[in-house]
Amino acid sequence: MERLLVGNRGEIAVRIVRACHDLGIGSVVAYSSADRDSLAVELADRAVHIGPPPARRSYNDIPSLLYACALAEADAVHPGYGFLSEEPLFATACAEVGLTFVGPSPKHIALMGNKLDARAAMRACGVPVLPGSDGAVEGIAQAAEAADRIGYPLILKAVAGGGGRGMCVVRAPGELARMWEDTRAVARTLFRDDRIYLERYVPRGRHIEVQILADSFGNVIDLGERDCTVQRRHQKLAEETPAPSLPGDLRERLREAAVLGATSVEYVSAGTMEFLVSDDGEPYFLEMNTRLQVEHPVTEERTGIDLVEWMIRIARGEALPFRQREPDLDRHAIEVRINAEDVARDWAGSTGRVERLRLPGGPGIRVDTHLYEGYVVPPFYDSLLAKIIATGPTRDVALRRMARALREFRCEGVVTNADFHRTLLADRDFRAGDYRLDIVDKLCTTERSTT
Amino acid sequence: MTDLRATVEATGLILDLVRGSDVQRLVVQGDGVTIEVERSALPAASAARPSEAAPDAAAETTAGEPAEAVTAPLMGVFYQRPAPDQPPFVTVGQHVEAGEQVAIVEAMKMMNPVVAEHAGVVVRINVADGEVVEFEQPLMELGAVG
């Protein structure tokens, strides 16, 4: 592998270019007209203008990315997250033209991209899944039948969904018909696939995921779990590792289930097994993300293992040099996502020109961002601006460092959600490590009623 | 964006750069502006001719009027001819009408026509047949008519 093309933008493009520099590999960034002045374009050895701002004609356009590789003589592609990262056709196309796809095989992307197949595969190897319809339901009559068996509340999920989109909670039988139609319409629009299945809904659950690294020699290790319970409308806002206050042997069970699942399907590359943990401490497999995650830095900071580097090294055929339990798991790391979102206006996306920027630093602080003073946040893509990661020997130290970092952070010209994170860090339940999936709603309600 | 003051300033900087070097000819392209510096036999007599590219008399442009770059409508492979055994769409010095097809950019077997937005005279073709081109890469330059 001599030269790697980054088929992505924003902070993750910067992150991957940095990994190339660390490994001594050439870096090429594919960019749309909206990202001409981006940091990744500036830092990479070379940049290729692949199309206009709409992702459909740039970051999601497979031919343009392949031509960009040909033009820049890249022999590998890292898709980052989002865009084409979980599109089996892209991984297949790369293989067909002799490019190394830095990620899993098309087979695994397709398996895990189909939520029903993924569920079935995990159930078959003994990984716990939520009670559900075990297949797409055809028509409202069959949905009602399955709903009676599963019980309320339940959740309707698009077979082709993911990333928190295409889901709908049904609390009572009377809501089922309307929600059924709504979810199908959304699924049709978003995924061009309106097949829906049902699953038990777990209220007041926790969202905990396990990071996996697997090489092509059958070595599978887990790098510990991440607690991603701080979410709003299924979009993660803050993550930490290890998950605080897990009851009994739950941590071990989650990690073992993740390794078992990845091993059983002979997965290769970095991947994440997501679980929902019920209030009574039962874990259920949700989905597997067959790509690099936004929140990968908390695991990197806790373990000292560079996940992007290892994705690349596994893709070029190297074996993992560490065995299970070797990674140092003694530290605690927390990440907050600074998004261009106006919390006061129902978290509406914002754009603008970054007029004044002060990024935090000091012991235990890492910032992954593509921001610089004068940067104009384009309106076409996701709202992630920066990830602040605080690490310490204990959760308490990491929390104090994060509070310090948020005090230092300034970004004028673009409305961000930084104040939400300041509120989160001050919350008693969050500080105590005792929080559930309703924490964001709870914090936002409290804030409104006290002002 | 064409900003006259910025163009003049940039031209000055380019002249400073070229002065004392061996460069014979330099073309700098930006948004809507092309600055060409061509050195005559006398070393110090560099001439800045904003947006004028004139290897032959037929392609003379009106002073100050920018040469129009025809750019790639998408990423793909540039072709000058409709088929390998056919003559090119255009050659240097040829007059083209607005809306006339001047090349092809092929992507995944789809032949996408490249069309001149304005009428003009083909001053230069920047890309060789069969080369991969980026989105909006200037493929050829058209001088203004008259």
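Remember, it's a predicted structure, so these values are computed and weren't measured experimentally.

What counts, and at which threshold
Residues numbered from 1 in each chain as written. Chains lettered and ligands numbered in written order. Predicted model: local features only at pLDDT ≥ 70, side-chain atom pairs only at ≥ 80, totals over all residues. Heavy atoms only, no water. Helix = DSSP H or I, 4+ residues; strand = E, 2+ residues; numbered from the N terminus. Contact = heavy atoms within 4.5 Å. Polar contact = N/O pair within 3.5 Å; in protein donor to acceptor, adjacent residues only side chain to side chain. Pairing = 2+ DSSP bridges. Buried area = accessible area lost by both parts, 1.4 Å probe. Salt bridge = Lys/Arg side-chain N within 4 Å of Asp/Glu carboxyl O. Nonpolar A, V, L, I, M, F, W, Y, C, P; charged D, E, K, R; others polar. Buried < 20%, exposed > 50% of the residue type's maximum accessible area, 1.4 Å probe, protein only. Arc of directions from axis to C-beta. pLDDT = per-residue confidence, 0-100. Phe/Tyr/Trp six-rings, centres within 6.5 Å; stacked < 30°, edge-to-face > 60°. Lys NZ or Arg CZ within 6 Å of the ring centre and 35° of its normal.

Trainee: Please set out the environment of Arg195 of chain A residue by residue, giving values where relevant.
Mentor: Residue and element names in this part refer to chain A. Along the polypeptide, Arg195 turns up in the loop between α8 (176–191) and β8 (196–200). Distance in space between the C-alpha atoms of Arg195 and Gly139 is 9.8 Å, their sequence separation being 56 residues. Setting aside chain neighbours within four positions, we find Arg195 in contact with Asn114, Ala136, Lys157, Ala158 and Val159. At 2.9 Å, the side chain of Arg195 and the side chain of Asp193 are in polar contact.

Trainee: Summarise the pairing of strand β5 (residues 76–79) of chain B; cite the residues concerned and give the values.
Mentor: Residue and element names in this part refer to chain B. In the sheet, β5 pairs with strand β10 (residues 132–133) via two bridges, with the strands oriented antiparallel. Within β10, the residue paired with Val77 across the bridge is Val132. Pairing of β5 with strand β7 (residues 101–107), which is carried by three bridges, proceeds in the antiparallel orientation. Bridged to Val77 within β7 is Glu106.

Trainee: Talk me through the interface of chain B and chain A; I want residue IDs and the actual numbers.
Mentor: With 11 residues of chain B at the contact, the number on the chain A side is 17 residues. Interface area for chain B against chain A, summed over the two sides, is near 1100 Å², with a carbon-plus-sulfur share of 64%. The largest share of the area that chain B buries against chain A comes from Met75, Glu134 and Phe135 of chain B, three residues that together contribute 53% of it. Applying the counting rule to chain B against chain A returns one salt bridge. Our count for the chain B to chain A interface comes out at five residue pairs in polar contact (both at pLDDT 80 or more). Elements supplying a minimum of two residues to the side of chain B that touches chain A: β5 and β7 of chain B. A breakdown of the residues in the side of chain B that touches chain A according to their chemical character gives seven nonpolar, one polar and three charged.

Trainee: Account for helix α6 (residues 115–124) of chain A, with residues named and values stated.
Mentor: Residues and elements named next belong to chain A. Within α6, the full set of buried residues consists of Lys115, Leu116, Ala118, Arg119 and Met122. Relative to the axis of α6, the buried residues are bounded by an arc of 160 degrees and lie together on one face. Looking at the packing, one finds that the buried side of α6 touches α5 (106–113), β6 (154–162), β8, α9 (250–264), β12 (269–277) and β13 (283–289). For α6, the N-terminal cap is Asn114; the gap from its side-chain oxygen to the backbone nitrogen of Leu116 is 2.9 Å.

Trainee: Please provide a residue-by-residue account of the pattern of salt bridges, values included.
Mentor: Residues and elements named next belong to chain A. Considering all chains together, one arrives at 44 salt bridges over all chains under this definition. Close ionic contact of Asp346 with Arg232 constitutes a salt bridge, the shortest N to O distance being 3.2 Å. Note that Asp346 is positioned in the loop between β15 (341–342) and β16 (348–349) and Arg232 in strand β10 (residues 220–232), a separation of 114 residues in sequence. Look at Arg232 and you get buried, because its relative accessible area is 16%. Two residues, Asp419 and Arg422, come together in a salt bridge whose shortest N-O distance is 2.7 Å. Of this pair, Asp419 and Arg422 both sit in helix α13 (residues 418–426), separated by three residues, roughly a single helical turn. Taking relative accessible area as the criterion, Arg422 reaches 28% and is therefore assigned partly exposed. What you see here is one network of salt bridges that share partners, running through Glu209, Arg226, Lys236, Glu239, Glu274, Glu295, Glu335 and Arg337.

Trainee: I'd like a description of the side chain of Thr299 of chain A, backed by residues and values.
Mentor: Counting through the fold element by element, Thr299 of chain A comes out in helix α10 (residues 296–303). Look past the residues within four positions of Thr299 of chain A in its chain and what remains in contact with it is Gln211, Leu223, Arg226, Thr241, Gly304 and Leu307 of chain A.

Trainee: Go over the sheet that holds strand β8 (residues 110–115) of chain B with me, naming the residues and quoting the values.
Mentor: Spatially, four strands are ordered β8-β7-β5-β10 (chain B) in an open sheet, and the strand pairing comes out antiparallel. Every interior strand has two partners, whereas the edge strands, β8 and β10 of chain B, have only one.

Trainee: Just give me the short version of unusual backbone geometry, but keep the residues and values in it.
Mentor: Residues and elements named next belong to chain A. That bond from Tyr152 to Pro153 is cis: its omega, -5 degrees, falls within 30 degrees of zero. With respect to the secondary-structure elements, Pro153 resides in the loop between α7 (139–150) and β6. The amide bond that connects Thr241 to the next residue, Pro242, takes the cis arrangement and shows omega of -5 degrees. Examined against the element boundaries, Pro242 turns out to sit in the loop between β11 (235–241) and α9. Phi angles above zero are rare outside glycine, and Asp134 is one such case at about 50 degrees. Residue placement: Asp134 occurs in the loop between α6 and α7. Here Asp134 falls in the partly exposed class, since its relative accessible area comes to 44%. In this model, Arg192 sits at a positive phi of 50 degrees, which is unusual for a non-glycine residue. Checked against the element boundaries, Arg192 lands in the loop between α8 and β8.

Trainee: Could you give an account of the confidence of the model for chain B, naming the residues involved and the relevant values?
Mentor: All names here are of chain B. Looking at chain B as a whole, its pLDDT mean stands at 76, while 54% of the residues score no less than 70. Per-element confidence in chain B ranges from a low mean pLDDT of 39 for strand β3 (residues 47–50) to a high of 98 for β10. Taken together, the stretch residues 41–64 has pLDDT below 50 and engages in 42 contacts with residues farther than four places along the chain or on a different chain. Two numbers describe this predicted complex: its pTM, 0.85, and its ipTM, 0.85.

Trainee: Describe the sheet that holds strand β6 (residues 95–96) of chain B, and please don't skip the residues or the numbers.
Mentor: Residue and element names in this part refer to chain B. Strands sit in the order β4-β11-β9-β6 across an open sheet of four strands; the sheet is antiparallel. The open sheet has two free edges, formed respectively by β4 (68–71) and β6, since each of these has just one partner strand. Here four bridges tie β4 to strand β11 (residues 138–143), and the two strands are oriented antiparallel to one another. Counterpart to Val70 in the pairing with β11 is Met140.

Trainee: Explain the packing of aromatic side chains residue by residue, including any values.
Mentor: Residues and elements named next belong to chain A. Considering all chains together, one arrives at 10 aromatic pairs over all chains under this definition. Their ring planes at 85 degrees and their centres at 5.9 Å tell us that Phe90 and Phe101 sit as a pair that is edge-to-face. Pair noted here: Phe90 is in helix α4 (residues 88–96) and Phe101 is in strand β5 (residues 100–101), with a separation of 11 residues, a long-range link. For Phe90, a relative accessible area of 1% corresponds to the buried category. For Phe101, a relative accessible area of 10% gives the class buried. Here the aromatic cluster, defined as three or more aromatic residues joined through ring pairs, consists of Tyr59, Phe83, Phe380 and Tyr381. Against the face of Trp310 rests Arg313, its NZ or CZ located 4.3 Å from the ring centre. Above the ring of Phe430, the side-chain terminus of Arg395 is found at 5.3 Å from the ring centroid.

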